[in-house]
Amino acid sequence: MSERAKGMNLTLKVWRQNGPQDKGRMVTYRVEDVSPDMSFLEMLDVLNERLILEGDDPIAFDHDCREGICGMCGMVINGVAHGEQVATTTCQLHMRHFEDNAVITIEPWRAAPFPVVKDLVVDRSAFDRIIQAGGFISVPAGSAPDAHSVPVKKVDADAAFDAATCIGCGACVAACPNGSASLFTAAKITHLSLLPQGQPERDSRAKAMVEQMDAEGFGGCTNTGECTAVCPKGIPLDTIARMNRDYLRASK
Amino acid sequence: MSKRNERAGEQSTSADVTGEGGRVGGVFYTEGEPIRDTKAPEGPIEDRWEKRKFSAKLVNPANKRKLHVIVVGTGLAGGSAAATLGELGYNVTSFCYQDSPRRAHSIAAQGGINAAKNYRGDGDSIYRLFYDTVKGGDFRARESNVYRLAQVSVNIIDQAVAQGVPFAREYGGLLDTRSFGGAQVSRTFYARGQTGQQLLLGAYQALERQIAAGTVKMHTRHEMLDLIVSDGRARGVIVRDMVTGEIERHLADAVVLATGGYGNVFFLSTNAKGCNTTAIWRAHRRGAYFGNPCYTQIHPTCIPVSGDYQSKLTLMSESLRNDGRVWVPVKAGDTRPAAEIPEEERDYYLERIYPAFGNLVPRDIASRAAKNVCDEGRGVGPGGLGVYLDFADAIRRLGRDAVEKKYGNLFEMYERITGEDPYTQPMRIYPAVHYTMGGLWVDYDLQSTIPGLFVIGEANFSDHGANRLGASALMQGLADGYFVLPTTIGDYLANGPYGEVDEEAVAEAETAVRSKIDKLLSVNGTRTADSYHRELGRLMWDYCGMERTEESLRKALERIPELREEFWENVKVSGQAEELNQALERAGRVADFFDLAELMCIDALHRTESCGGHFRAESQDADGEALRDDENFAYVAAWEYGEQGPILHKEALDYEYVKMSQRSYK
Ligand SMILES: Cc1cc2nc3c(=O)[nH]c(=O)nc-3n(C[C@H](O)[C@H](O)[C@H](O)COP(=O)(O)OP(=O)(O)OC[C@H]3O[C@@H](n4cnc5c(N)ncnc54)[C@H](O)[C@@H]3O)c2cc1C
Ligand code: SF4
Ligand code: FES
């Protein structure tokens, strides 16, 4: 608990957009007496309470768990997806990392396959469709063998887990100069292809998911590494290499 | 035949501004017929589920496509149910309020999932899991249901592993397990501190596979606002498209609610911000009984409140209690930093009071103990509302690396929120509302009192009695969704078809939804919905929280209607109905929380015993432990909605297998 006696005063420049058709604009707000122990979203909550009482539309933003795990939140803060704090979702960002009197710009994810719904809310349903294309292991309920019938090397299980921690937030896409969804897609392909259970569908999965990613209009990967730099779960870039290998293997 | 109870003096009733209830003449509730049949088969407990499965009628595969099932919610319960029903060939429509089914609140579960695999050979068995759950639930759960849950638990792990859920493993390649609050065997499977996430992604992927196959139609960003009951049967839902504001009707042959718990009635809880009671409350208003609404679980290890802007509380997984030691200073008012308090001036109070279980006592006991030491003025941190959870010993014993491997992500989360480093100074924790054992009443088939309405996961009241054991909610959600519901709903559907849906019933539900929205938008008062929600939450925490008394509950029952009345006269909701309007979404949820809060307090007031998470200060033993009153309260309280106040139906609980005893963790 920090003992800073007085709260901070901040200037926010926030992207407001009424709907997909609206052109949108930056709007400036002053917020005062912000406690350093507040989370970034709590700071916006306080502003929104004020806006509602003034009869204005509160700033729409997505959020739910506020624990960095559901992947619902996401804003570009001062030009960086989820803000400058490393490996941190927007909801886990706290105001103690900002200076008093700072000017903070807040914008939505920007990428053609993620159209703005309203203000900071975007439509990420393209991610679900990539999973639909093949991001699963086909095993109807009740048909599974005993869990110990297939041992899995600890290193493989751990590596699969690391890839599986992707929360589907979309920061990687927002950060990528090409608007590529490679890191997201590669994380799922890596998770499943490292496990023995994922082998039977390994080729078809990689092919279908990559093709769906392209069909959604995401850009290609040129290895800039911006994605992994903003990724709140630190999904590594080498997952993309694995995805490409699996894809090539499948396309032979 | 109903008898009147609990007259609350000469208190006058609040004007019914909402058309939404209100008490008449100060009578809190009346009593109706007891519930005699829960549809559990008879015979030896280990055969009952087998029997039920065999007696369930089967639907002709060719007909399944024509049978339409609505599943509201895509958490572990709803996601697994929708996927499985799709795999079986039913025509499924699924809803969630998030932008993707993968974000349901189950994603946040950290610690693990129980299963009676006995992979460790440490004496676990289906019977032991059954026994522990009945006992842990303080003898307020049904034996038949709990036994089935323990039986099915083993299939869940198989299913999840086959789906690619990356559970923690040992070097030999087999699954690792750990022991979890209240259990002396190691039966909890886990995926680092993200077990819920990994299990939910497994269910989500199965669901997306069915969406691709065309068996499930998914509607994200849709909120269910009412249930359509036609001819006495659940036949559909009214939902609001949260992007366009459009009110839509969806009809079906059966409806499944998997909408999670209602802990957010307390405003501050470990639940996700959007968790709400609207779906089950609306169903309750339409005739579904509400089971044990007052049973709330307060989790002992959460990060304490830091200020009045606080929007939610964050849980620190209970697995931390395996290695962390809980303590407070011996002296009240000791404000020295932890490091300056010598060993002999620390009170490791859980180890002291409960030598057998120490830091691993069940949640309700650990929570109350924390409250007690804070009430004695020995709490730490701001406002004295916290106790230490100290890893110094564990770090000395196991090394920092080992501790980091086990709990690294939790420590990081703690540091991010508090700015304090738990490797060098003890964590501060305090209890917070976490889980609601209460929920819509269901029978053995998971069917509510409205035929055709099934309720699964945290939304029902079924398996945990008055207190849920750690790592058992994930188990229950997946047992319901993958294995129980798909069988039992088939029996209901096979007995159909149930005819045309009455257009009048649909129109009536639709109109009710619209007028509520119009009303909320037209009040145009001076306080936000959130500010009312905060006040309601505070009131519930103070009067119907960790400790409840007749006096506190009566106070709450006086205050809630007043506050609700003020809400309906003075709430301010900006914006329009036909757009994405988060202020409107919240206001709608808060309105339902008011009504639920009242029922919770009535339930808590009528149950004058203490049991599990429900602690009535009047009912404790000489040591301050919860004292049950089996003679008078060994029943499920199933509440029917009534315009004149709720009507109580009692379902007697019999224990044939586990002998009723007072819990003792000493
Ligand atoms: C922080 C935390 C940690 C936990 N850790 C553990 C653990 O380690 N082990 C364990 O066993 N349990 C744990 N629990 C409890 C467990 O996670 C939950 O009880 C369980 O996941 C609930 O699952 P569910 O499917 O019933 O509901 P949820 O996962 O809450 O899903 C509810 C679904 O309903 C939808 N919904 C809700 N209302 C509406 C509406 N009106 N209209 C449309 N859709 C709606 C939501 O969109 C969502 O899809 C934890 C809980 C919390 C809060
Ligand atoms: S890869 Fe990282 S940034 Fe991209 S969606 Fe997953 S968690 Fe978010
Ligand atoms: S709100 Fe869930 S990750 Fe941020």
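Nothing here was measured: the structure is a model prediction, and the numbers come from that model. All residue numbers refer to position in the chain's written sequence, counted from 1. Chains and ligands are labelled sequentially in the order written, the chains with letters from A and the ligands with numbers from 1. Selection of residues for local features in this predicted model requires a pLDDT of at least 70, selection of side-chain atom pairs for listing and counting requires 80 or more, and totals for whole chains, interfaces and linings are taken over all residues. Only hydrogens and water are set aside when side-chain values are computed; all heavy atoms of the structure are taken into account.

### Regarding the UniProt feature "active site" (unreviewed entry) in chain B
Residues and elements named next belong to chain B. Under the convention used in this document: UniProt positions are given in the numbering used here, feature names are shortened, and annotations may be inferred rather than shown by experiment. To qualify as a helix, a DSSP run of H or I must reach at least 4 residues; to qualify as a strand, a run of E must reach at least 2; elements of each kind are numbered from the N terminus. Each residue's exposure class comes from its accessible area (1.4 Å probe, protein chains only) as a fraction of the maximum for that residue type: buried when under 20%, exposed when over 50%, partly exposed otherwise. By definition, residues are in contact when any of their heavy atoms lie within 4.5 Å.
Those places that UniProt annotates as "active site" (unreviewed entry) correspond, in this numbering, to Arg-363. One can find Arg-363 in helix H9 (residues 363–375). The exposure class assigned to Arg-363 is buried, which follows from its relative accessible area of 5%. Apart from residues lying up to four places away in sequence, Arg-363 is in contact with Phe-180, Gln-297, Ile-298, His-299, Pro-300, Glu-318, Arg-321, His-434, Arg-468, Gly-470 and Ala-471.

### A closer look at the site of ligand 1
All names here are of chain B. Heads up, the condition is: By convention in this text, a residue qualifies as near a molecule or strand provided that one of its non-hydrogen atoms is within 4 Å of it. N or O atoms closer than or at 3.5 Å make up a polar contact, with two conditions inside protein: a donor-capable atom paired with an acceptor-capable one, and, for residues adjacent in sequence, both atoms drawn from side chains. Throughout, the Shrake-Rupley method with a 1.4 Å probe supplies accessible areas, and for residues the shown protein chains are the sole cover considered. Lining residues are defined by having an atom within 4 Å of a point belonging to a cavity or pocket. Those points lie on a 1 Å grid over the protein atoms alone, cavities being sets where a 1.4 Å probe fits but cannot get out and pockets being open sets with protein on both sides within 12 Å along at least five of seven lines. More than half of a molecule's atoms within 2 Å of the grid points is what it takes for that molecule to sit in a cavity or pocket. Three categories are distinguished: nonpolar for Ala, Val, Leu, Ile, Met, Phe, Trp, Tyr, Cys and Pro, charged for Asp, Glu, Lys and Arg, and polar for the others, with Gly belonging to the last.
Taken together, 37 residues sit near ligand 1, with Gln-98, Ser-106, Gly-111, Met-224 and Glu-458 positioned nearest. At a separation of 3.3 Å, a nitrogen atom of ligand 1 approaches a polar backbone atom of Gln-110. A distance of 2.6 Å separates an oxygen atom of ligand 1 from a polar side-chain atom of Glu-458. Look at ligand 1: alone it shows 1000 Å² of surface, and the protein chains cover 98% of it. Using a 2 Å cut-off from the grid points, one finds that ligand 1 occupies the largest cavity. Of all the secondary-structure elements, those providing two or more residues to the shell around ligand 1 are helix H3 (76–88), strand S9 (222–230), strand S18 (427–436) and helix H12 (473–494). For the shell around ligand 1, the element with the most residues is S9, which contributes three residues. Looking at side-chain class alone, the shell around ligand 1 contains 16 nonpolar, 18 polar and three charged residues.

### So, the interface of chain A and chain B
So the rule is basically this: Whenever Lys or Arg places a side-chain nitrogen within 4 Å of a carboxyl oxygen from Asp or Glu, that contact is recorded as a salt bridge.
With 75 residues of chain A at the contact, the number on the chain B side is 80 residues. At the junction of chain A and chain B, the tally comes to six salt bridges. Its salt-bridge partner being Arg-221 of chain B, residue Asp-62 of chain A comes within 2.8 Å of it at the nearest N-O pair. Linking chain A to chain B there are 45 residue pairs in polar contact (both at pLDDT 80 or more). A per-element tally of the side of chain A that touches chain B places helix H3 (residues 154–164) of chain A first, with seven residues. Residues that form the side of chain A that touches chain B fall into these classes: 39 nonpolar, 17 polar and 19 charged.

### Let's talk about helix H5 (residues 182–193) of chain A
Residues and elements named next belong to chain A. Put simply, the rule is: How far a helix is expected to stretch is found by multiplying one less than its residue total by 1.5 Å.
When the terminal C-alpha atoms of H5 are compared, their 16 Å separation across twelve residues agrees well with the 16 Å that a helix rising 1.5 Å per residue should span. Of all twelve residues in H5, twelve are buried; the element is thus mostly enclosed. Buried residues of H5: Ser-182, Leu-183, Phe-184, Thr-185, Ala-186, Ala-187, Lys-188, Ile-189, Thr-190, His-191, Leu-192 and Ser-193, and no others.

### Quick look at the domain arrangement of chain B
Residues and elements named next belong to chain B. Where we set the bar: Each domain's limits were defined by an automated method or a database of domain assignments. A 1.4 Å probe defines the accessible area here, and the buried area is the portion of it lost by two parts on being joined, summed over both.
Per the domain assignment, the segments making up chain B are domain 1 (3–9 + 504–640) and domain 2 (299–434). Once you take the C-alpha centre of each, domain 1 and domain 2 turn out to be 31 Å apart. At the interface, nine residues of domain 1 touch twelve residues of domain 2. With both sides pooled, the region where domain 1 packs onto domain 2 buries about 850 Å², and carbon together with sulfur makes up 54% of that total. Our count for the domain 1 to domain 2 interface comes out at zero salt bridges. Applying the counting rule to domain 1 against domain 2 returns four residue pairs in polar contact (both at pLDDT 80 or more). Looking at the side of domain 1 that touches domain 2 residue by residue, the classes come out as four nonpolar, two polar and three charged.

### Considering empty space enclosed by the protein
Residues and elements named next belong to chain B. What counts is decided by this rule: Grid points are joined across faces, edges and corners, and a volume is the space filled by probe spheres set on the points.
Enumeration according to the criterion identifies 17 cavities of 30 Å³ or more in this entry. If you list the elements that add at least two residues to the lining of the largest cavity, you get H3, S9, S18 and H12. Sort the elements by how many residues they give to the lining of the largest cavity and H12 lands first, with four residues. The residue makeup of the lining of the largest cavity, split by class, is 20 nonpolar, 24 polar and six charged.

### Focus: the domain arrangement of chain A
All names here are of chain A. What the domain assignment reports for chain A is domain 1 (8–107) and domain 2 (124–138 + 151–251). On a C-alpha basis, the centroid separation for the pair domain 1 and domain 2 is 29 Å. The interface is formed by 13 residues belonging to domain 1 together with ten residues belonging to domain 2. Buried area between domain 1 and domain 2, both sides added, is near 790 Å², and the carbon and sulfur share of it is 56%. Among the residues domain 1 hides against domain 2, the three largest losses belong to Gly-71, Ala-81 and His-82. Together they make up 43% of the total. For the pair domain 1 and domain 2, the interface holds one salt bridge.

### Quick notes on the environment of Asp-231 of chain B
Inspection of the secondary structure assignment puts Asp-231 of chain B in the loop between S9 and strand S10 (233–241). A sequence separation of 220 residues divides Asp-231 of chain B from Pro-451 of chain B, and the C-alpha atoms of the two residues are 9.9 Å apart.

### Description of the sheet that holds strand S4 (residues 91–95) of chain B
All names here are of chain B. Stated formally: Only strands that DSSP links by at least two bridges are regarded as paired with each other. Axis lines are fitted to C-alpha atoms, over the contacting stretch for helices. Their N-to-C directions set the angle, which ranges from 0 to 180 degrees.
Pairing in this open sheet of five strands is parallel, and the strands run S8-S4-S3-S12-S20 from one edge to the other. Where the open sheet ends on each side, the last strands, each with one partner, are strand S8 (216–219) and strand S20 (453–455). Recorded for the sheet is a direction-independent mean angle of 20 degrees between the axes of neighbouring strands. Relative to S4, strand S3 (residues 68–72) runs parallel, the two sharing five bridges. Opposite His-68, over in S4, you have Asn-91 as the bridge partner.

### As for the site of ligand 2
Lining the immediate surroundings of ligand 2 are Phe-127, Cys-166, Ile-167, Gly-168, Cys-169, Gly-170, Ala-171, Cys-172, Leu-183, Cys-231, Pro-232 and Ile-235 of chain A. Its residues assigned to classes, the shell around ligand 2 comprises ten nonpolar, two polar and no charged.

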